[in-house]
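Observations on the three-dimensional arrangement
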Amino acid sequence: MFPYPSGNLHMGHVRVYVIADSIARFHRMNGQNVFQPMGWDAFGLPAENAAILHGLKPDEWTYSNIDHMKKQLQELGCSFDWTNEVTTCDPSYYKWTQWFFIKMFQSKLIYSKEAEVNWDPVDETVLANEQVDEKGHSWRSGAVVEKKIFKQWFIRTTQFSKALFEGLNDPSLMNWRDIINLQKHWIGECYGYRFDFQVYTDNVYRTMLNIWTQHPEHVPLATFIYIKPNSFVHKYYVQNHKNVHIKNLITGNMLPILVTNRVEFPDGQETRLGLPHAFSIDEELAKEHNFTYSVNQESHLSREAICEKAKELNAGGYPVSSKLQDWPISRQRYWGTPIPIIHCNDCGAQAVPEDKLPVKLPALDLQSNKKIKSLKLAEEWIKTTCPKCGKEAKRETDTMDTFVDSSWYYLRYLDPNNNSQPFNKTLASQMMPVDIYVGGKEHAVLHLYYARFFNHFLHSIGFTPSSEPFKKLLVQGMVMGQCFKNKINGSYLKEDEVVKIGKTYFTKNGNHPVIATWEKMSKSKLNGVEPKSTIKEFGVDTMRLLILSSVAPTSNRNWNSDTFPGILNWQNRLWLTIREFRSVRKNNNILRDTINLSAFQKEEIKLNNNRNYYVKKTSSNFRKSYQLSVAISKLQGLTNVLRKSSKELVKYSTEYEKLLAVQIIMIAPMAPHFASALWSGFVSAPGRINENWDQINWNDDVINQKWPQVDCDYTLKLYCLVNNAVKCVLEMPKREITLLNKEEAVKLAMKQDIIKQYTSSWTIINTEFQNYEDDDAYIYIKTDRISVSNTKCTDSITVENKV
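A quick note: this is a predicted structure, and the numbers were derived from the prediction, not measured.

Describing the overall build of the protein chain
- Counting secondary structure elements, the protein chain contains 26 helices and 32 strands.
- Looking at the protein chain as a whole, 52% of its 803 residues are labelled buried.
- For the protein chain, restricting intrachain contacts to residue pairs at least 6 apart in sequence, the fraction spanning at least 24 positions comes to 73%.
- Carbon together with sulfur atoms contributes 48% to the accessible area of the protein chain, which is approximately 37300 Å² in total.
- Averaging the coordinates of the 97 positive side-chain charges in the protein chain and doing the same for the 87 negative ones gives two points 3 Å apart.

And the structure:
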């Protein structure tokens, strides 16, 4: 996930990009075509507010921050492809954001209507519901949010809700874990249908009203419309006008409104159909309010025909949950992508012609009196002509929510200099979907939902090869800093203002007790750690290893200097290993004739087994589980093996030399500079033994080496599972297990007596085969025993028989 250019990297940035870079380097060393681009999510409120505060133009502020952060990222040693860099505030990028807007507008996916919005009186812009905290305060300014009525632009994301919900069951989605549940909760079960009605006051159309129902066949039969008290329609229309009606677009009928809380409304809805012929409460209230209706009223249209008619009228008719709403994208601030719409008194809202894109942001004097500005001040820019009739018209002055820009950037990475289309479709078909998407859990709902929607839409019009944009998702935890808070007044304290007495913290003068907690790093909490200070003290590769060690990438990481000695000691032991290796290889006093050959050969076998074991385990941590902290732990174990080796092995063992080479190579993805220095000492040592070993290129740097492989005769395992329980394990050399396909693995498993025992009396309903490179394989056999006996499988694995 690309960053917002704030100007300074924080430890969260360091973690996400070092994780991603380590994985990218691993796959590159495995001979794969790796594309790891970088860009900037550069529009939005923070940049504009900061620019106003510093008396600068937003573009000047943003681009200066980008320059600074780019240098910081380069200091991290990340192998980004900077030739494909994108910046969302560049007209060459947002031209295509506007182009997508127009495509959606033409597809009837974009509409405008009056709506009640969250208004931030400090930042003077609309906020999405998710940008307002539980106390009703703005996420940015902290101001109490107000409710206002504005005409807003919406993207009809709900039209794709069922596809987005069902897409979460796509077997191509790997490592999504709880994110699938978060997405499903956000979208909701699509067990009903949405229909668009129209609100009229005094026979004048005012806005669109979404009504949800489980029964489309009821839509033509509605006699009136229930509205919640204090709902949007009630507050802004019913209370202010005598003559308010709702138009049913399916029938053309004008329906009266009944404001009440005497009925139950669907979850997340402020409206409901009034159906006296179907529900007794509706009949009772209809009589109370003298609404006329037919008792035997029936629709001549089927539910399918009603939905189809609604779709033809662009009035809904598609499945959706009751709580999911369309995406409001209008923002009233300057620093964003201009919405490419022209308003004409005669022709209405017209899309800017594609050959007139981009609609560039006009220059505004944002520095004068440091007040907030919007495009409404660009009077000359607003004036234009209607693309349809040629008469005088006005440009739209709202800009787009920055989530729109960040919903498709992964596609522009592929083709950032293309001036004729947003990206080459052939290139997208070759490269998409994204293999591994790394980012924070805070973006796992909204950003991921919008990005998935964009790709679903583009797939529907033939622009992308698959509906889902991301295969594997690696959601990294936050970097936490230790906070110290005065227990008396709640104020945050710096670490040097606190003293620890026993296990309890106090203010340095000892007067007040202090609460010590771990919280997300923040300047306001005085617990932030600048990456540059760590780099200055320890070097970039030590920091990379520190940020990757101790805990899994998906877990929160407590940044604690107490954990540093483990990594520093390991690095020191590796330096000593290389120095001793060079020293022993130069030493001519260790004579081969004095070596106990039998003992020597036994030790070589142990080293061979260790090499294959550690290559297998470390490769699995990179390729399958992404447990890079475990990979570091394994490599530390490998160092221990090397350190225990005798001088005779160091001097004459082919296996020791191979193991040392493998150690350095497998460090390289995580600490490339450190590994390169180790490698230089290794390859320049005298007495080279494995001159012709095909796994080493002695004349090239470590980052260009091939990732080590398990030997062909090393024993791997085929785990045979029945209903998720391991029943037997078959051992065979790598050369054999690598050639296994699903059919052969099933045949092999079914020959085993223990498997026959657990399958002979039941019907096999499914089999799956997983065969990982340089790792054990798994054959999963599922029978109907579970469904019949209604037993619940656990995640525990027990081996009942080893073959």
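Now that the structure is up, let's keep going.
Observations regarding the sheet that holds strand 19 (residues 392-395)
- As summarised here, the arrangement of the four strands in space is 17-16-19-18, forming an open sheet in which the pairing is antiparallel. Each edge of the open sheet carries a strand with a single partner, namely strand 17 (348-351) and strand 18 (383-385). Between one strand axis and the next, the sheet turns through 40° on average, direction left out of account.
- As paired strands, strand 16 (residues 341-344) and strand 19 are joined by two bridges and run antiparallel to one another. Residue His343 lies in a different strand from strand 19, and its bridge partner there is Lys394.

Quick notes on the UniProt feature "domain: Aminoacyl-tRNA synthetase class Ia" (unreviewed entry) in the protein chain
- Here the UniProt-annotated "domain: Aminoacyl-tRNA synthetase class Ia" (unreviewed entry) positions come out as residues 3-169 and 324-481.
- With 41% helix and 21% strand, residues 3-169 has end C-alpha atoms that lie 29 Å from one another.

A few points about the pairing of strand 23 (residues 479-486)
- Counting buried positions along strand 23 yields six of eight residues, so the element is predominantly enclosed.
- Where strand 23 meets strand 28 (residues 557-558), two bridges bridge the pair, whose relative direction is parallel. Each residue of the ladder has a partner; that of Val479, found in strand 28, is Arg557.
- Pairing of strand 23 with strand 27 (residues 513-520), which is carried by seven bridges, proceeds in the antiparallel orientation. Across the sheet, the residue bridging to Gln482 is Trp518, located in strand 27.
- In terms of strand pairing, strand 23 meets strand 24 (residues 492-493) through two bridges, oriented antiparallel. The residue of strand 24 that forms the bridge with Phe484 is Leu493.
- Linking two consecutive strands that pair antiparallel, namely strand 23 and strand 24, is a turn of five residues; a positive phi of about 80° is found at Gly490 within it.

Digging into the pattern of salt bridges
- Following the criterion strictly, the structure yields 34 salt bridges and no others.
- The residue Asp326 makes a salt bridge to Arg194 at a minimum N-O spacing of 2.7 Å. Taken together, the positions of Asp326 in the loop between strand 13 (316-320) and strand 14 (327-328) and Arg194 in strand 6 (residues 192-201) put the pair 132 residues apart, joining distant regions of the chain. Arg194 matches Asp326 in its accessibility class, with the two residues each being buried.
- Among the salt bridges present, the one from Arg262 reaches Glu284, with a minimum N-O distance of 3.3 Å. Here Arg262, found in the loop between strand 11 (257-259) and strand 12 (271-274), pairs with Glu284, found in helix 8 (residues 280-288); they are 22 residues apart in sequence, far enough to count as distant.
- The class for Arg262 is partly exposed, based on a relative accessible area of 43%.
- If you follow the salt bridges from partner to partner, you end up with Arg156, Arg194, Asp196 and Asp326 in one network.

Things to note about helix 9 (residues 303-312)
- Three or more residues of helix 9 are buried, namely Ile306, Cys307 and Ala310. Buried residues in helix 9, looked at end-on, bunch into an arc of 95°, giving them a common side. For helix 9, the exposed residues lying more than 90 degrees away from the buried face are Glu304 and Glu312.
- Close packing links the buried residues of helix 9 with strand 6 and strand 13.

Remarks on the side chain of Ser374
- By the secondary structure assignment, Ser374 is in the loop between strand 17 and helix 10 (379-382).
- A relative accessible area of 15% places Ser374 in the buried class.
- Setting aside anything within four residues of it in sequence, one finds Ser374 in contact with Gln332, Arg333, Tyr334 and Leu364.

Here's the deal with empty space enclosed by the protein
- Considering all chains together, one arrives at four cavities of 30 Å³ or more under this definition.
- Approximately 40 Å³ is the volume found for the largest cavity.
- As for the largest cavity, its lining consists of Leu9, Gln72, Glu75, Leu76, Pro531, Lys532 and Ile535.
- Taken together, the elements giving at least two residues each to the lining of the largest cavity come down to helix 3 (58-75) and helix 15 (531-538).
- Element by element, the count of residues in the lining of the largest cavity is highest for helix 15, at three residues.
- Residues belonging to the lining of the largest cavity are distributed by class as follows: four nonpolar, one polar and two charged.

Criteria and thresholds
- Residues numbered from 1 in each chain as written.
- Predicted model: local features only at pLDDT ≥ 70, side-chain atom pairs only at ≥ 80, totals over all residues.
- Heavy atoms only, no water.
- Helix = DSSP H or I, 4+ residues; strand = E, 2+ residues; numbered from the N terminus.
- Buried < 20%, exposed > 50% of the residue type's maximum accessible area, 1.4 Å probe, protein only.
- Contact = heavy atoms within 4.5 Å.
- Areas by Shrake-Rupley, 256 points an atom, 1.4 Å probe, with all protein chains shown as cover.
- Lys, Arg positive; Asp, Glu negative; His and termini not counted.
- Charge placed at Lys NZ, Arg CZ, Asp CG, Glu CD.
- Pairing = 2+ DSSP bridges.
- Axes fitted to C-alpha atoms, helices over the stretch in contact; angles between N-to-C directions.
- UniProt positions renumbered as here; feature names shortened; annotations may be inferred.
- Salt bridge = Lys/Arg side-chain N within 4 Å of Asp/Glu carboxyl O.
- Arc of directions from axis to C-beta.
- 1 Å grid on protein atoms, 1.4 Å probe; cavity = no way out; pocket = protein on both sides within 12 Å on 5 of 7 lines; lining within 4 Å.
- Points joined across faces, edges and corners; volume = space filled by probe spheres on them.
- Nonpolar A, V, L, I, M, F, W, Y, C, P; charged D, E, K, R; others polar.

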